[in-house]
Amino acid sequence: MKQRRLLRGITSGIVLALGLYVGSRRVGSLPPLGRFLDPTRGFWTVASGAELPDSAAAVIPGLAGQVRVFYDERSVPHIFAESESDAARALGYVVARDRLFQLEIQTRATAGTLTELVGSVALRADRSTRRLGLAWSAERNFAELDSAAQVRRMLEAFAEGVNVRIDALEPEDLPLEYHLLGTEPTPWLPQHSFYLLKRMGWTLAYRNLERQRRRARALVGSEAADALFPVNSPIQEPVQANGHAAPRFDYAVLPPPGEPDPVAAREMQLFNLAFGEITSHRNEWTVGSMLRTALPPYRPTSQWGEEVVVGSNNWAVMPLKTEGRHAILAGDPHLNLTLPSIWYEAHLLVPGELDAYGVTIPGFPGITIGFNRNVAWSFTNSGADVMDFYTETLDDPVQPERYLLDNDWRPLAKRVEEYRDRSGTVIAVDTVYHTHRGPVLMENGDALSLRWTVLEKQGEMSAFSGIAKANTVDEWLAAMESYVAPAQNGIVADRNGSIAIRASGWFPIQPGDGRGDKIRDGSQSANDWQGYWPVGKYPFSLDPGQGYLASANQQPIDPRVDGTYLGADWPSPWRAMQINRLLREGSHLTPADLQRFQTDPGSARADLFVAEFIGAAERLLAAGRGDTLLEDAARLLQEWDRRYTRDNTRAILFELAMNELTWRTWDELREPQNAPAPPQRQVQFPASQVLASLLPDSSSAWWDDRRTPRVVEDRDAILGLSLQNGLMIARQRYGDEDEGGWRWDRVRHANIYHLLGLPSLSALELPIQGGPSTINPSSGNGTHGASWRMVVELGPQVRGWSIYPGGQSGNPVSLRYDDRIEEWMNGALDEVLFPASSDQLPPERVMSTLLLSPEN
């Protein structure tokens, strides 16, 4: 069977590659057809290196001793080294062996050098990245490292391993993507690992709260905008345990729409011109995201209008709530889904120093999320406000040299950025200016500067190195104190039964009123950050009385516990509510339970809004304000158990009704105001928890639809119209409810795209369990989801289970390219092999061996 699969894979790869060549000509200058089809050095050769050999060897200069690498049956390399530096060299080599093009494309996407691969089609994306200063910041951080620092030694060792692999490659050994693009790998530099962290920060910490609030102020005034995008969540289920046994609903009456704010309108114009391009390209920090925007079609268009959150889940349970009386930890970061995956699974073992298992981000010289013999850990994004904007006064609107600060003209720092095409020809030149805060973007004489923790110091490398060697929760927390950005909720459990969660990173102390969601006057240094929060003030819980901890990107700390500004417009806490409900109800939880929870189909959002839809329909029908369409819609919705299983046939109706409800309620925020609802939202609407907070006020002005000037709608009218129109759209789009077209798995899918966005090398329309605001929240276009799932039981013998959607190999012809997808779709996790020595590796579970030796 394996041979048949391999033959089919090779045949498919040949056919696909031919099609790709023909279909990709619009990408730019591709290699001559003869070179591409060369039988000895062309794309045909990608099949020859698709699978790992039974054994292999290589020489890596700089190694202190031999490194033995054993690949298990899941293609996970277990690296046995004599020093951490040797382990890093080996990791660099094996990652380059499996994911070389991924290393290349993610570095270029951050550096803004994609034009050198595909030409001017990527110029807009490259300009966006360079203006933001990600690579500039990474280079500066690397230059600040002491030459003898351990972090620097690890980065250099990793780079040596990558480059040994690159140098050993013949043209016929190159990954498929290099054949398609007609290029060769570029050397890996130690600072490229910092590029990776900066791109991670771009995805997870680029929250432009000022921009969205000014958009709303320009339409409905300041008071209303502040209420629609509030500092504190109207539903409190915080990360830091607050002693409540259930969510608290802090609903307040929303002020009505006010007069448009002309100042905000002008500021919005500046934001759109200066930062809109950067925001539009900030899809994900993962490999090739900016290149994919230049290679349509790189993802499908969403037909849904639900609130989409790029988020994550993690939780830990104390022994008092588990069947085995051991702490259990679970984590599933939700990020962009790509082939190959953004993660690479590995085990690093250095006797007496390091023994860690988990996933690394290709390009990072260590384990990012995982476990060792004593602790396990995972992360979710905190969503804290760690970036601010300042209006700057420049001496010249076109070619400035100075900026005004405290009545004194200060010199602007300047960077000249040249963009080159595949031939090396300069195709564009930009001058990027910096104040002491950060990069400056200008338009029509106006200027905004940006200060952002992601562009500040770095401490992530030393933090990740330390946590991998921690033996207790306290040691893990101490190691994370050097962490800077992006701000994360780090959860940890140890074999002693302790659990903890803490928001980690640099959190700015704001001047004046302490709010960070406003544009400040850059001419006054008093408006600068006043420092950073001390670690002791971070949102934090240790061994709470409730017996568990959980985070799902919700507001980290209850404002009644600490009202200090940390952020605003938090994601709705529906996932957190569902996770907490499951954990509250559990008393003898097992690792299997926690694995099942990661794809639990229940929805706190559906529980709340379904009841409101049905209640409104019943009141309207009783008052003679409804018709048979509304009656049918209410009946069909009531048949739903509010669970997003793959075979359910009612989630469709609910999601379409919610889409209608969102558009009808927030019609005041549409641009232009009289336009009909398009298939995609034109503006960012308030979070669904804000919509929920409006429900008790049945006659709020927000319910009135301005497109019907002769009628003033109330809550029930809008709910009823939304429900019956949802039914009408469902029947038009998917047929009658009894014909099978309403099955959730026929209309909602996961879509895992190849790095270049090529559909033929992607895994598309994958049916999964879960939906909007569930613990497994598939995005509207299916390109986001659980990028890694892990469960660890910290008993006398640590046991771990894991899965991610993809495979260890980046070679599309390899059996290891997508071999984990089916299990991931079904919510299954594999128990991992975690040997304490090479002697504990069962021979029957070793698929391949690799011996790495130093130079003689």
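Residues numbered from 1 in each chain as written. Predicted model: local features only at pLDDT ≥ 70, side-chain atom pairs only at ≥ 80, totals over all residues. Heavy atoms only, no water.

**Student:** Account for the packing of helix 20 (residues 628–638) against helix 23 (residues 715–734), with residues named and values stated.
**Tutor:** Interaxial distance between helix 20 and helix 23 falls to 9 Å at its minimum, and their mutual angle equals 80°. Regarding the angle of helix 20 to helix 23, the classification is roughly perpendicular. Where helix 20 abuts helix 23, its residues Leu 629, Leu 630, Asp 632, Ala 633, Ala 634, Leu 636 and Leu 637 lie against Gly 720, Leu 723, Gln 724, Leu 727, Met 728 and Arg 731. In the contact of helix 20 with helix 23, the residues fall into nine nonpolar, two polar and two charged. (Axes fitted to C-alpha atoms, helices over the stretch in contact; angles between N-to-C directions. Helix = DSSP H or I, 4+ residues; strand = E, 2+ residues; numbered from the N terminus. Parallel < 35°, antiparallel > 145°, perpendicular 65-115°, else oblique. Contact = heavy atoms within 4.5 Å. Nonpolar A, V, L, I, M, F, W, Y, C, P; charged D, E, K, R; others polar.)

**Student:** Now, about the sheet that holds strand 26 (residues 763–767): what can you tell me, with residues and values included?
**Tutor:** Taking strand neighbours across the sheet as the criterion, the three strands line up as 8-25-26 in an open arrangement whose pairing is mixed. Of all the strands in the sheet, just strand 8 (338–339) and strand 26 have a single pairing partner and so form its edges. One ladder, built from two bridges, connects strand 8 with strand 25 (residues 749–754); its direction is parallel. When the bridges of strand 25 are listed, Leu 339 appears paired with His 754. (Pairing = 2+ DSSP bridges.)

**Student:** Lay out the nonpolar core with the relevant residues and their values.
**Tutor:** Within the largest apolar cluster, 140 residues are counted, with the highest numbers of intra-cluster contacts made by Trp 315, Trp 476 and Leu 852. Top element by residues in this core is helix 3 (residues 84–111). It accounts for 13 residues. (Core = buried A, V, L, I, M, F, W, Y, C linked by side-chain atoms within 4.5 Å. Buried < 20%, exposed > 50% of the residue type's maximum accessible area, 1.4 Å probe, protein only.)

**Student:** So, the environment of Asn 444: which residues are in play, and what are the values?
**Tutor:** For Asn 444, the position within the fold is in the loop between strand 18 (439–443) and strand 19 (446–452). On the basis of relative accessibility, which here comes to 62%, the residue Asn 444 falls in the exposed class. Measuring from C-alpha to C-alpha, the distance between Asn 444 and Val 398 comes to 8.4 Å, with 46 residues separating the pair along the chain.

**Student:** So what about the side chain of Asp 830? Which residues, and what values?
**Tutor:** With respect to the secondary-structure elements, Asp 830 resides in strand 30 (residues 830–831). Using a relative accessible area of 15% as the deciding quantity, one classes Asp 830 as buried. Not counting residues within four places of it along the chain, the set of residues in contact with Asp 830 comprises Arg 74, Gly 800, Trp 801, Ser 802, Ile 803 and Glu 823.

**Student:** Describe in detail the packing of helix 21 (residues 651–665) against helix 23, supporting the description with residues and values.
**Tutor:** At a closest axis distance of 7 Å, the pairing of helix 21 and helix 23 adopts a crossing angle of 130°. Considering their axes alone, helix 21 and helix 23 lie oblique with respect to each other. Judged by the sense of rotation from one axis to the other, the crossing of helix 21 with helix 23 is right-handed. For the pair helix 21 and helix 23, contact is made by Ile 652, Leu 653, Leu 656, Ala 657, Glu 660, Leu 661, Arg 664 and Thr 665 and by Ile 718, Leu 719, Leu 721, Ser 722, Leu 723, Asn 725, Gly 726, Leu 727, Ile 729, Ala 730, Arg 733 and Tyr 734, respectively. Of the residues contributing to the contact of helix 21 with helix 23, the split by class is 13 nonpolar, four polar and three charged. (Left-handed = near helix turned anticlockwise from the far one by under 90°.)

**Student:** Residues and numbers for helix 17 (residues 574–585), please.
**Tutor:** With 12 residues, helix 17 extends 17 Å between its outermost C-alpha atoms, agreeing within 8% with the 16 Å of an ideal straight helix rising 1.5 Å per residue. Burial of helix 17 is extensive: nine of the 12 residues sit out of reach of the surface. (Expected span 1.5 Å × (residues − 1).)

**Student:** Quick rundown of unusual backbone geometry? Include the residues and the values.
**Tutor:** For the peptide bond that leads from Leu 339 to Pro 340, omega is -5°, which places it in the cis range. Position of Pro 340 among the secondary structure elements: in the loop between strand 8 and strand 9 (344–350). Residues Ala 485 and Pro 486 are joined by a peptide bond in cis, for which omega reads -5°. Relative to the helices and strands, Pro 486 resides in the loop between helix 16 (473–479) and strand 20 (488–494). The phi dihedral of Asp 543 falls on the positive side, at around 45°, and the residue is not glycine. Residue placement: Asp 543 occurs in the loop between strand 23 (540–542) and strand 24 (548–551). Backbone geometry places Arg 642, a non-glycine residue, at a positive phi of 65°.

**Student:** Describe in detail the confidence of the model for the chain, supporting the description with residues and values.
**Tutor:** Looking at the chain as a whole, its pLDDT mean stands at 89, while 88% of the residues score no less than 70. Under a pLDDT of 50 for its full length, residues 19–31 has, in the predicted model, 28 contacts with residues more than four places off or in other chains. Every residue in residues 276–305 scores below 50 in pLDDT, and together they form 116 contacts with partners more than four places removed in sequence or on other chains. (pLDDT = per-residue confidence, 0-100.)

**Student:** Requested: an account of the environment of Leu 412, with residues and values cited.
**Tutor:** By the secondary structure assignment, Leu 412 is in the loop between strand 15 (408–411) and strand 16 (413–420). Taking the relative accessible area as the measure of exposure, Leu 412 reaches 9% and is therefore buried. Remark: the alpha-carbon pair of Leu 412 and Pro 400, spanning 12 residues in sequence, is separated by 7.7 Å. Filtering out sequence-adjacent residues up to four positions away, Leu 412 remains in contact with Leu 394, Pro 400, Glu 401, Arg 402, Tyr 403, Tyr 433, His 434 and Thr 435.

**Student:** Report on the sheet that holds strand 17 (residues 426–434), specifying residues and quantitative values.
**Tutor:** Sheet strands pair by backbone hydrogen bonding; their relative direction is either parallel or antiparallel. With respect to topology, six strands assemble into an open sheet ordered 16-17-18-19-13-22, the strand pairing being mixed. For this open sheet the edge positions go to strand 16 and strand 22 (520–521), each flanked by a neighbour on one side alone.

**Student:** Summarise a nonpolar patch on the surface; cite the residues concerned and give the values.
**Tutor:** The grouping of Val 416, Val 426 and Val 429 at the surface amounts to a nonpolar patch, some 240 Å² of accessible area in total. Mapped onto the elements, Val 416 comes out in strand 16. You can call Val 416 exposed: its relative accessible area is 58%. (Patch = residues over 30% accessible without salt bridge, like charges linked within 9 Å, V, L, I, M, F, W, Y side chains within 5 Å. Areas by Shrake-Rupley, 256 points an atom, 1.4 Å probe, with all protein chains shown as cover. Salt bridge = Lys/Arg side-chain N within 4 Å of Asp/Glu carboxyl O.)

**Student:** Just give me the short version of the packing of aromatic side chains, but keep the residues and values in it.
**Tutor:** Within the structure shown, the criterion is met by 25 aromatic pairs. On the numbers, 5.5 Å between centres and 25° between planes, the contact of Tyr 357 with Phe 371 is stacked. Residue Tyr 357 is located in strand 10 (residues 354–360), and its partner Phe 371 is located in strand 11 (residues 369–371); the two are separated by 14 residues in the primary sequence. The exposure class of Tyr 357 is buried, given its relative accessible area of 0%. If you follow Arg 437 out to its NZ or CZ, it ends over the ring of Tyr 390, 4.4 Å from the centre. In this arrangement the basic side chain of Lys 537 is found over the ring face of Trp 533, its NZ or CZ atom lying 5.3 Å from the centre. (Phe/Tyr/Trp six-rings, centres within 6.5 Å; stacked < 30°, edge-to-face > 60°. Lys NZ or Arg CZ within 6 Å of the ring centre and 35° of its normal.)

**Student:** Can you break down the pairing of strand 3 (residues 77–80) residue by residue, with the values?
**Tutor:** Neither face of strand 3 is open: one carries Pro 77 and Ile 79, the other His 78 and Phe 80, and all of them are buried. The pairing of strand 2 (residues 67–72) with strand 3 spans four bridges and is antiparallel. Bridging across to strand 3, Val 69 finds its partner in Ile 79. The hairpin formed by strand 2 and strand 3 contains four residues between the paired strands, and Ser 75 there has a positive phi angle of roughly 65°. Pairing of strand 3 with strand 9, which is carried by three bridges, proceeds in the parallel orientation. Among the inter-strand pairings, Ile 79 is bridged to a residue of strand 9, identified as Leu 348.

**Student:** Can you explain the side chain of Ser 722? Please cite residues and give values.
**Tutor:** In this fold, Ser 722 is placed in helix 23. Residue classification places Ser 722 among the buried residues on the basis of a relative accessible area of 0%. A polar contact is formed between the side chain of Ser 722 and the backbone nitrogen of Leu 661, at a distance of 3.3 Å. (Polar contact = N/O pair within 3.5 Å; in protein donor to acceptor, adjacent residues only side chain to side chain.)

**Student:** If you had to explain the pattern of salt bridges to someone new, which residues and values would you point to?
**Tutor:** Pairs can form between side chains of opposite charge whenever their charged atoms are close. Using the criterion set out here, one finds 53 salt bridges in the structure. Note that Asp 517 is salt-bridged to Arg 515, the shortest N-O span being 2.9 Å. By relative accessible area, Asp 517 is classed as buried at 2%. Across the pair Arg 619 and Asp 716 runs a salt bridge, and its minimum N-O distance is 2.8 Å.

**Student:** Talk me through the environment of Lys 321; I want residue IDs and the actual numbers.
**Tutor:** Within the secondary structure layout, Lys 321 lies in the loop between strand 6 (312–317) and strand 7 (328–336). A relative accessible area of 9% places Lys 321 in the buried class. Remark: the alpha-carbon pair of Lys 321 and Gln 546, spanning 225 residues in sequence, is separated by 9.2 Å. In contact with Lys 321, other than residues within four places in its own chain, are Gln 546, Gly 547, Tyr 548, Leu 583, Arg 584, Gly 586, Ser 587, His 588 and Leu 589. At 2.5 Å, the side chain of Lys 321 forms a polar contact with the backbone oxygen of Gly 586.

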